Amino acid sequence: MEIPVHRRAIWLGLPLALLLAVAPVRAEGAEPLTLSRALERARTQNPEAEVARQRLAEAQAELRGARVWFVENPEIEAVGLPGPGAPLEVEARQALGGPGERGARVRRARELLAAGEAERDDAFRLIDLAVAEAFFEALAAEESAATAAEAADLAKDLADIARVRVERGADSVLVSNTARIRLAEAERSRIDAETHREAARLELGRLLGGGPADPADAWPSVNAPPGVDDAISKALESRPELAALRHATEAERARAREAASDAWPEVTVGAAWRRENDVDQWLGVAGLTVPIFNRNQGEIGSARAAATRLEAELAARLVAVEAEVRTAWQARDAAERGLAVYDADVLRAQEESVALLRRAFEEGKVDLSELVLLQRELLEGRLGFVEARLALALEDARLRVALGLPINVDGGER
């Protein structure tokens, strides 16, 4: 029984070459997302982003409250007896507060607002990284699923060809069994890859505040990072959580000054109106609260201790940031070197292997087992290239986030 020409072409390695050109699989009806659009959507729809905005709104409201001139409201008191001609007295008093109290209060609220803005930026920084990681994982999962699908299709063709060869007596049953086993393995790999792809799409959609999301098939371009020492300096200047700690420290110092104002005598002024025997009298009222026993020692000590604690946290965080940047820089460097292994020469060598195998098979120098072996090598090579590109995209994003820089969203193939 002769094998049709078009089946022979498939058998002779055409699908093997097609493994080198992978097109991402995209679920029907899903809207493709660029990385830029994904980051924008996350900042508006991600629940954690909304939490960060509401915390900032709390700090803004506290600043509005701190700007009032007097913390205590006026007191109005009326004293009198029933009956005509009975004495009646109305008195209004207003506590002025301690010296410098309002200025310290406003300064503290402003520092808390600045800390809140920095904390919001830090929350957005981490959200951006999570979205970028999920985006790249989903993009790589699509390419891996496409590769696995093509490998499964090729395995099915080889199994059909092996069955035909056995039927015509050109090969033994062992060849057919080998092809069927390879087909089962390829189908299982396809199922695993498709399951992973759907899980990655769900994770990306969750971060965007919705259902499964479908990433656009464009990897971002990557630029050479600064040297490790320059990278550390950049991070120490740009990281928003460091700015948040600095502002929080200043807020506690302002709280200590505000609390210290209560250790001074507090002046109360006011006016009184009195009517007795149909005679009206206007009087000025002045009072002085003398802090003899309670000089607000607890609040002052608490604020100063909090400022000292925040200074220690900042010092510890500076060390952690430096270590984080060094680690991220090294990981990115390793990822870039790993991707460089899969250069044009490697891809060309894979194509040459397909051509050599085709020629050797036509000359009767190779059998099905060698063809299956090459298929596996090509599949592993393609998946390795996807993993290497994913690693560089992830490590580049992590380094940029570690430096306090925005994630590179410029599309481009490497």
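Residues numbered from 1 in each chain as written. Predicted model: local features only at pLDDT ≥ 70, side-chain atom pairs only at ≥ 80, totals over all residues. Heavy atoms only, no water.

### A short note on the pairing of strand E5 (residues 266-276)
Line of reasoning, step 1. Pairing analysis gives eight bridges linking strand E3 (residues 88-95) to E5, with the strands arranged antiparallel. Bridging across to E5, glutamate 91 finds its partner in alanine 272.
Line of reasoning, step 2. The pairing of E5 with strand E6 (residues 279-289) spans eleven bridges and is classified as antiparallel. Of the residues in E6, the one forming a bridge with glycine 270 is valine 285.
Line of reasoning, step 3. Between E5 and E6, which follow one another and run antiparallel, lie two residues, and asparagine 277 among them has a positive phi close to 55°. (Pairing = 2+ DSSP bridges. Helix = DSSP H or I, 4+ residues; strand = E, 2+ residues; numbered from the N terminus.)

### Quick look at a nonpolar patch on the surface
Line of reasoning, step 1. Taken together, Trp69, Phe70, Leu96, Val267, Val269, Leu288, Val290, Ile292 and Phe293 make up a surface patch of nonpolar side chains, about 960 Å² in accessible area.
Line of reasoning, step 2. In this structure, isoleucine 292 sits in the loop between E6 and helix H9 (297-340).
Line of reasoning, step 3. Among the residues examined, isoleucine 292 registers a relative accessible area of 57% and is labelled exposed. (Patch = residues over 30% accessible without salt bridge, like charges linked within 9 Å, V, L, I, M, F, W, Y side chains within 5 Å. Areas by Shrake-Rupley, 256 points an atom, 1.4 Å probe, with all protein chains shown as cover. Salt bridge = Lys/Arg side-chain N within 4 Å of Asp/Glu carboxyl O. Buried < 20%, exposed > 50% of the residue type's maximum accessible area, 1.4 Å probe, protein only.)

### Let's talk about the sheet that holds strand E2 (residues 75-80)
Line of reasoning, step 1. On the basis of which strands lie adjacent, the open sheet formed by four strands has the order E2-E3-E5-E6 and antiparallel pairing. Of all the strands in the sheet, the pair left with one neighbour each is E2 and E6. The mean inter-strand angle of the sheet, taken between neighbouring strand axes irrespective of direction, is 15°.
Line of reasoning, step 2. Alignment of E2 against E3, held across six bridges, turns out to be antiparallel. Paired with valine 79 across the bridge in E3 is glutamate 89. (Axes fitted to C-alpha atoms, helices over the stretch in contact; angles between N-to-C directions.)

### Considerations on the environment of alanine 38
Line of reasoning, step 1. Within the secondary structure, alanine 38 sits in helix H3 (residues 35-45).
Line of reasoning, step 2. When the C-alpha atoms of alanine 38 and phenylalanine 135 are compared, they prove to be 8.0 Å apart, with 97 residues separating the residues in sequence.

### Quick word on the confidence of the model for the protein
Line of reasoning, step 1. Mean pLDDT over the protein: 80, with 85% of residues reaching 70 or higher.
Line of reasoning, step 2. Summarising per-element confidence for the protein, the mean pLDDT is lowest in helix H1 (residues 5-11) (38) and highest in H9 (92).
Line of reasoning, step 3. The low-confidence segment residues 1-30 (pLDDT under 50) makes 71 contacts with residues lying over four places distant or belonging to another chain. (pLDDT = per-residue confidence, 0-100. Contact = heavy atoms within 4.5 Å.)

### Observations concerning the nonpolar core
Considering soluble globular proteins, one finds that nonpolar side chains tend to be buried as a cluster.
Line of reasoning, step 1. Judged by nonpolar contacts, the single largest core of 31 residues is most densely connected at Leu35, Val131, Phe135, Phe136, Leu204, Leu208 and Trp219.
Line of reasoning, step 2. Of all the elements in the fold, those that place two or more residues in this core are H3, helix H5 (101-167), helix H6 (173-207) and helix H11 (368-402).
Line of reasoning, step 3. The greatest single-element share of this core, amounting to twelve residues, is contributed by H5.
Line of reasoning, step 4. The residues touching leucine 204, leaving out its near neighbours within four places in the chain, are Val131, Ala134, Phe135, Ala138, Ala213 and Pro215.
Line of reasoning, step 5. By size, the runner-up hydrophobic cluster in this structure holds 14 residues, among which are Ala235, Ala248, Ala328 and Leu399. (Core = buried A, V, L, I, M, F, W, Y, C linked by side-chain atoms within 4.5 Å.)

### With respect to the packing of aromatic side chains
Line of reasoning, step 1. Throughout the structure, instances matching the rule amount to two aromatic pairs.
Line of reasoning, step 2. Relative to phenylalanine 136, the ring of phenylalanine 135 has its centre 6.0 Å away and its plane inclined at 80°; by these criteria the two rings are edge-to-face.
Line of reasoning, step 3. Here the aromatic rings of phenylalanine 136 and tryptophan 219 are separated by 6.1 Å at their centres, their planes lie at 15°, and the arrangement is stacked. A residue pair is termed long-range when its members are at least 10 positions apart, and phenylalanine 136 in helix H5 and tryptophan 219 in the loop between strand E4 (214-215) and helix H7 (228-238) qualify at 83 residues. No difference in accessibility class separates phenylalanine 136 from tryptophan 219, as the two residues are buried.
Line of reasoning, step 4. Members of the aromatic cluster, joined through ring pairs, are Phe135, Phe136 and Trp219. (Phe/Tyr/Trp six-rings, centres within 6.5 Å; stacked < 30°, edge-to-face > 60°.)

### Observations concerning helix H4 (residues 47-66)
Line of reasoning, step 1. With 20 residues, H4 ought to run about 28 Å at 1.5 Å a step, and its terminal C-alpha atoms sit 29 Å apart, in line with that.
Line of reasoning, step 2. Of the positions making up H4, those classed as buried are Ala49, Ala52, Leu56, Ala59, Leu63 and Ala66. Projected down its long axis, H4 carries its buried residues within an arc of 100°, all on one side. Opposite the packed face of H4, turned more than 90 degrees from it, sit the exposed residues Pro47, Glu58 and Arg64.
Line of reasoning, step 3. The inward-facing, buried residues of H4 abut H3 and H5. (Expected span 1.5 Å × (residues − 1). Arc of directions from axis to C-beta.)

### Things to note about the pattern of salt bridges
Line of reasoning, step 1. A full pass over the atoms with the stated rule returns 39 salt bridges.
Line of reasoning, step 2. The salt bridge partner of arginine 182 is glutamate 185, with a shortest N-O separation of 3.6 Å. Taken together, the residues arginine 182 and glutamate 185, both in helix H6 and three residues apart, mark about one turn of the helix.
Line of reasoning, step 3. Of the residues examined, glutamate 185 reaches a relative accessible area of 29% and is grouped as partly exposed.
Line of reasoning, step 4. Measuring nitrogen to oxygen at the nearest pair gives 2.7 Å for the salt bridge that ties arginine 239 to glutamate 241.
Line of reasoning, step 5. According to the relative accessible area criterion, arginine 239 is buried, its value standing at 1%.
Line of reasoning, step 6. Take glutamate 241: its relative accessible area is 11%, and that puts it in the buried class.

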